Amino acid sequence: MKIAAVRVTPIAISDPPLLNASGVHEPFALRSIIEVETDNGLVGLGETYGDKPVLDGLLRVKDRLAGLSPFDLNGLRQRVLSVGPSPVEGVQLDVAPGSQASKSEHKVFGAFEVAFLDLQARSLDLPVHALLGGAVRRKVPFSAYLFFKFASDIDPSYRPDTWGPALDAEGIVAQARTMIDRYGFGSIKLKAGALDPDLEAECLKALKRAFPNHPLRIDPNANWSLDTAIRVAKRLQGDLEYYEDPTPGLEGMSELHRVTGLPLATNMVVTDMKEFRRNIALNGAQIVLSDHHYWGGLRATQMLATMCDTFGLGLSMHSNSHVGISLMAMSHLAAAVPNLTYACDTHYPWQEDEVIRGGKIPIVDGCVTVTDAPGLGVELDRDALAALHEQYLRSGITNRDDVSQMRKFRSDWTRVKPRY
Ligand code: GKR
Ligand code: MG
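Rules and cut-offs
Residues numbered from 1 in each chain as written. Chains lettered and ligands numbered in written order. Predicted model: local features only at pLDDT ≥ 70, side-chain atom pairs only at ≥ 80, totals over all residues. Heavy atoms only, no water. Salt bridge = Lys/Arg side-chain N within 4 Å of Asp/Glu carboxyl O. Helix = DSSP H or I, 4+ residues; strand = E, 2+ residues; numbered from the N terminus. Buried < 20%, exposed > 50% of the residue type's maximum accessible area, 1.4 Å probe, protein only. Axes fitted to C-alpha atoms, helices over the stretch in contact; angles between N-to-C directions. Parallel < 35°, antiparallel > 145°, perpendicular 65-115°, else oblique. Left-handed = near helix turned anticlockwise from the far one by under 90°. Contact = heavy atoms within 4.5 Å. Nonpolar A, V, L, I, M, F, W, Y, C, P; charged D, E, K, R; others polar. Near = heavy atom within 4 Å. Polar contact = N/O pair within 3.5 Å; in protein donor to acceptor, adjacent residues only side chain to side chain. Areas by Shrake-Rupley, 256 points an atom, 1.4 Å probe, with all protein chains shown as cover. Domains from an automatic or database assignment. Pairing = 2+ DSSP bridges. Buried area = accessible area lost by both parts, 1.4 Å probe.

Engineer: Describe the pattern of salt bridges, and please don't skip the residues or the numbers.
Structural biologist: Going through the model one piece at a time under the given rule, you end up with 26 salt bridges. For R31, the salt bridge is made with E47, and the minimal N-O distance between the two is 2.7 Å. You can see R31 sitting in strand β2 (residues 28-38) and its partner E47 sitting in strand β3 (residues 43-49), a full 16 residues away along the chain. Summarising the burial analysis for this pair, R31 and E47 share the class buried. The salt bridge partner of E251 is R278, with a shortest N-O separation of 2.5 Å. Residue E251 is located in helix α8 (residues 250-260), and its partner R278 is located in helix α9 (residues 273-282); the two are separated by 27 residues in the primary sequence. Salt bridges sharing partners connect three or more residues here, namely K189, K191, R217, D219, E241, E244 and D345.

Put into structure tokens, the structure is as follows:
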């Protein structure tokens, strides 16, 4: 079985006006859909970022994969490395941190690795989780990922939604209730760093009152100074499952943990093994949010899990706006990682568009179920892919830019961080 053709298709999926530390989501989020086809007619699927630096990297590698066996992951790595750094590598993506602009070879390798693993598994008539050591859980828990949010009619480019605005405690609790009613989530994450920290802390308190048995997390994406993070920590002491990236830098996180004793989680200061090593030395974060999209694929993320286990760190999972191929890759991975004991993040409830046959993957009782269907267990809907590619071309967006989007609504909005 050899690779005969590779297709990379950028798509734009509609996205609501969700607020974060950088600004607000644009009306569309970008993804790249990867298809790797073999000479015996199998197709392996992958999904990753659609921003230009990553897309360019994928396009530069894709035509070098013909003739490789999908089992040859070292061959894949060698071909990814052989293209050298992308000419747009240095371009600063204006994303909320957590999507590291600098690690493009990990992102490119990881995107193809998922498609290769999908092919390996399909050729053996096995699910991907079987290749990863077997499922230790069939139902993978995700958390309700809450965002402060504008009403969709703030700008006609947003698709009308039924969520409504969420700019205070009442709105956030209502959003949580809708999410939990629809999907049965058993834990809650509040994306913070967007509004005044005291208001955000009040929202967390309101969630605690409304959902006393749901573990709660808050993630200001390092938009709070150390003083602010310490002040809010005092208020939220006892309410948090973990405190995610409240303040910038490993040193800041380390000092915050020393002063408050709270368990700190990160997808910002531990994003590769070099940072992992420094984190062990400084004890900045006690829980690492993994993400196969930038850690270099499913197997590299399992390596991270082993390192967390070895060094006594907790393991959770990070997300960005995505569709069903990523959701299933995340779920197969999480199913096969015993020490992934926290409910994973997902933006999936915020996305209505889908590229897989059968439409949206069900989340029931807060969980995605992995089955024994071959590969990732999903097939591409080619009509949907074509329509979402058209949407990409029409959107005119090539790089996520939450700062400029926010400036449309608040002309004095700046890039400054930490803002509070
Ligand atoms: O979607 O706005 C967002 C998030 O802020 C995302 O960009 C982050 O990378 O969810 C992520 C996080 O946990 O930091
Ligand atoms: Mg985070």
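There's more to say after this.
Engineer: Could you give me a rundown of the packing of α8 against α9, with the residues and numbers involved?
Structural biologist: Put simply, α8 and α9 touch, their axes get as near as 10 Å, and they point 30° apart. One finds that α8 runs roughly parallel with respect to α9. For the pair α8 and α9, the sense of crossing is right-handed. Residues L250, E251 and S254 of α8 touch α9, and the partners they reach there are E275, R278, N279 and L282. Along the lines of polarity and charge, the residues of the contact of α8 with α9 split into two nonpolar, two polar and three charged.

Engineer: Describe the site of ligand 1, with residues and values.
Structural biologist: Taken together, 17 residues are adjacent to ligand 1, and N20, H25, Y145, N221 and H347 come closest. Taking E244, its side chain carries an N or O atom lying 3.1 Å from an oxygen atom of ligand 1. Contact between ligand 1 and H347: an oxygen atom at 2.7 Å from a side-chain N or O atom of the residue. Taking 350 Å² as the accessible area of ligand 1 by itself, protein coverage stands at 100%. When contributions to the shell around ligand 1 are tallied by element, the ones reaching two or more residues are β5 (144-147) and β6 (188-191). Here the shell around ligand 1 spans two domains, since at least three of its residues come from each of domain 1 (3-125 + 382-394) and domain 2 (130-369).

Engineer: Give a detailed account of the sheet that holds β6, specifying residues and quantitative values.
Structural biologist: Strand order in the open sheet made by the seven strands is β5-β6-β7-β8-β9-β10-β11, with parallel pairing throughout. Looking at the sheet topology across the chains shown, the edges are occupied by β5 and β11 (314-317). Sheet twist, expressed as the mean angle between neighbouring strand axes with direction ignored, is 25°. Here β5 runs beside β6; their pairing, made up of four bridges, is parallel. Residue pairing in the sheet places L146 in a bridge with L190 of β6. Most of the contacts of helix α6 (residues 197-210) go to strand β7 (residues 216-219), to which it runs at about 165°, and overall it touches β5, β6 and β7.

Engineer: How would you summarise the domain arrangement of the protein if you had to cite specific residues and measurements?
Structural biologist: We note that the domain assignment places domain 1 (3-125 + 382-394) and domain 2 (130-369) within the protein. Summarising the inter-unit geometry, the C-alpha centres of domain 1 and domain 2 are found 23 Å apart. Interface of domain 1 and domain 2: buried area, both sides summed, is about 3,700 Å²; carbon and sulfur atoms make up 65% of it. The largest contributions to the domain 1 side of the interface with domain 2 come from P17, L19 and E47, which together make up 18% of the buried area. Summed over the shared surface of domain 1 and domain 2, the result is zero salt bridges. The tally of links between domain 1 and domain 2 comes to 15 residue pairs in polar contact (both at pLDDT 80 or more). Residue assignment for the side of domain 1 that touches domain 2 shows that the elements contributing at least two residues are β1 (3-14), β2, β3, α3 (104-124) and α13 (382-395). The leading source of residues in the side of domain 1 that touches domain 2 is α3, at 10 residues. Class assignment for the residues of the side of domain 1 that touches domain 2 results in 25 nonpolar, 12 polar and seven charged.

Engineer: An account of the pairing of β11 is requested, with residue identities and associated values reported.
Structural biologist: Burial along β11 is two-sided: the face carrying G314 and S316 and the face carrying L315 and M317 are both buried. In terms of strand pairing, strand β10 (residues 287-290) meets β11 through four bridges, oriented parallel. Across the sheet, V288 pairs through a bridge with L315, a residue of β11.

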